[in-house]
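For reference, the chains in residue letters:
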Amino acid sequence: MPDAPYIHESSYIDDNVVIGAGTKVWHFCHIQEGASLGENCSLGQNVNIGPNVKIGNGVRIQNNVSVYEGVEIEDNVFLGPSCVFTNVLMPRADRPVHGRYERTLVREGASLGANCTIVCGHTIGRHALVGAGAVVTKDVPDYAIVAGVPARIIGKVKE
């Protein structure tokens, strides 16, 4: 029988959330309504999972990451500390978007470095590596290594 999820007492889980067996949710996290987390994931301190976000199995999310509505994370993805996702291309405080979010997909096995920024509406390919501090402004191909501002391909990686 698989292990039940572990939820630290300081974390808050909204209604209608699915958390897979063996997943660990550490200090000060918030998982919002309609979110789904797979099995054997780990959410570090101060992680926010937005409404209706889908996260696969074996995902590791380090401290201080917010995964906003419109972002989907496939299996075995690593999200480094303080990496940033956006979900609106042209945000304005006086014109809320109310659910009209750009889709961002992080494919299986990708790793995103600390403090990188993923501008919404793009796909990070399978097993791709995004360097620390990079700003992704376009799709990243499978197995690519990208770095810089804006992120550019600097190499290839194997699984």
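Our subject is the structure listed above.
What you see is a predicted model; the values in this text were computed from it and never measured. (Residues numbered from 1 in each chain as written. Predicted model: local features only at pLDDT ≥ 70, side-chain atom pairs only at ≥ 80, totals over all residues. Heavy atoms only, no water.)

1. Some details on the pairing of strand 22 (residues 152–156)
Move 1: Of all the five residues making up strand 22, zero are buried; the element is thus mostly uncovered.
Move 2: Summarising the sheet, strand 21 (residues 144–147) and strand 22 pair through four bridges and their orientation is antiparallel. Bridge pairing in strand 22 links V146 to I153.
Move 3: Adjacent in sequence and paired antiparallel, strand 21 and strand 22 are bridged by four residues, among which G148 carries a positive phi angle near 100 degrees. (Buried < 20%, exposed > 50% of the residue type's maximum accessible area, 1.4 Å probe, protein only. Helix = DSSP H or I, 4+ residues; strand = E, 2+ residues; numbered from the N terminus. Pairing = 2+ DSSP bridges.)

2. Notes on the nonpolar core
Move 1: Among the nonpolar cores identified, the biggest contains 37 residues, and I49 and F85 are the most heavily contacted of them.
Move 2: For this core, the elements supplying multiple residues, two or more each, are strand 12 (71–73) and strand 21.
Move 3: Every residue in contact with F85, bar those within four places of it in the chain, is listed here: V65, S66, V67, Y68, V71, I73, L79, T104, V106, L112 and I118. (Core = buried A, V, L, I, M, F, W, Y, C linked by side-chain atoms within 4.5 Å. Contact = heavy atoms within 4.5 Å.)

3. So, the sheet that holds strand 9 (residues 54–55)
Move 1: Across the sheet, six strands lie side by side as 3-6-9-12-15-18; this open sheet has parallel pairing. Of all strands in the sheet, those bounded by a partner on one side alone are strand 3 (18–19) and strand 18 (123–124).
Move 2: Summarising the sheet, strand 3 and strand 6 (residues 36–37) pair through two bridges and their orientation is parallel. Bridge pairing links V18 to S36 in strand 6.

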